[in-house]
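Structural overview
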Amino acid sequence: MASKKAKKKKKEAEDPNSRTVCRNRRASHDYEIIDELECGIALMGSEVKSIRNNKITIDEAYARIQKGELWLLNCDIAEYPQATYLNHERRRERKLLLKRREIRKFAESADHDGMTLIPLAVYFRRGIVKVLIAAAKGRKLYDNREKKKKDQDRKIMRDAVRKRY
């Protein structure tokens, strides 16, 4: 008999209302991720329809704190063709939905020099659009070289351990 956890995982995998729409793959390469936070996003109906059709890009997007609220800027959501005159602007500012104490806590970590807020992923959870925001620090070219060297060293050690056994 299958356990409850196994049933739950199977049910989540089949659920069409819970899926990842897009990811910012370059974020982990260009930035050192320090803290992550899941938040909702205020959208129009035509924007949600476009997101369901995977017509969103967050590669150039970033978040800012303005007047005590968190805003997602430069996120491109394509226009929904069937929306006619009720359509939306592609790159408008979109409000991210968080509690005030979460914004305060997150703002402290993002307020330091060289820190920025970037979206890592956009996904549906139980039919609601969510955005994963990260407080990150930009990497320099030499930081990426050091990271690559560490990955190579790890791989060499892994291979050495496998050869012994």
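The structure contained in this document is the topic of the report that follows.

Scanning all chains against the criterion turns up eight salt bridges. A salt bridge links Arg92 to Glu47, with the nearest nitrogen and oxygen atoms 2.8 Å apart. Of this pair, Arg92 sits in the loop between β6 (76-77) and β7 (94-97) while Glu47 sits in helix α3 (residues 45-52), placing them 45 residues apart in sequence. A relative accessible area of 22% means that Arg92 is categorised as partly exposed. The salt bridge involving Asp76 is made with Arg90; its shortest N-O contact spans 3.0 Å. Of this pair, Asp76 sits in strand β6 while Arg90 is found in the loop between β6 and β7, placing the two residues 14 residues apart along the sequence. You can call Asp76 buried: its relative accessible area is 13%. Several salt bridges share partner residues, and in doing so they unite Glu47, Arg92 and Arg94 into one network.

Moving on: helix α4 (residues 100-110). Of the residues making up α4, those classed as buried are Ile103, Phe106, Ser109 and Ala110. Buried positions in α4, seen along its axis, are confined to an arc of 125 degrees and lie on one side of it. In α4, the exposed positions angled more than 90 degrees off the buried face are occupied by Arg100, Arg101, Arg104, Lys105 and Glu108. At its buried positions, α4 is contacted by β2 (31-41), β4 (62-66), β5 (69-73), β8 (115-125) and β9 (128-138).

Here the focus is unusual backbone geometry. One non-glycine residue, Lys67, lies in the positive phi region at around 55 degrees. Along the chain, Lys67 falls in the loop between β4 and β5. Phi is positive for Thr84, close to 45 degrees, though the residue is something other than glycine. As for its placement among the helices and strands, Thr84 is situated in the loop between β6 and β7.

What counts and what doesn't
Residues numbered from 1 in each chain as written. Predicted model: local features only at pLDDT ≥ 70, side-chain atom pairs only at ≥ 80, totals over all residues. Heavy atoms only, no water. Salt bridge = Lys/Arg side-chain N within 4 Å of Asp/Glu carboxyl O. Helix = DSSP H or I, 4+ residues; strand = E, 2+ residues; numbered from the N terminus. Buried < 20%, exposed > 50% of the residue type's maximum accessible area, 1.4 Å probe, protein only. Arc of directions from axis to C-beta. Contact = heavy atoms within 4.5 Å.

Everything listed here is a matter of geometry and, on its own, says nothing about what the molecule does.
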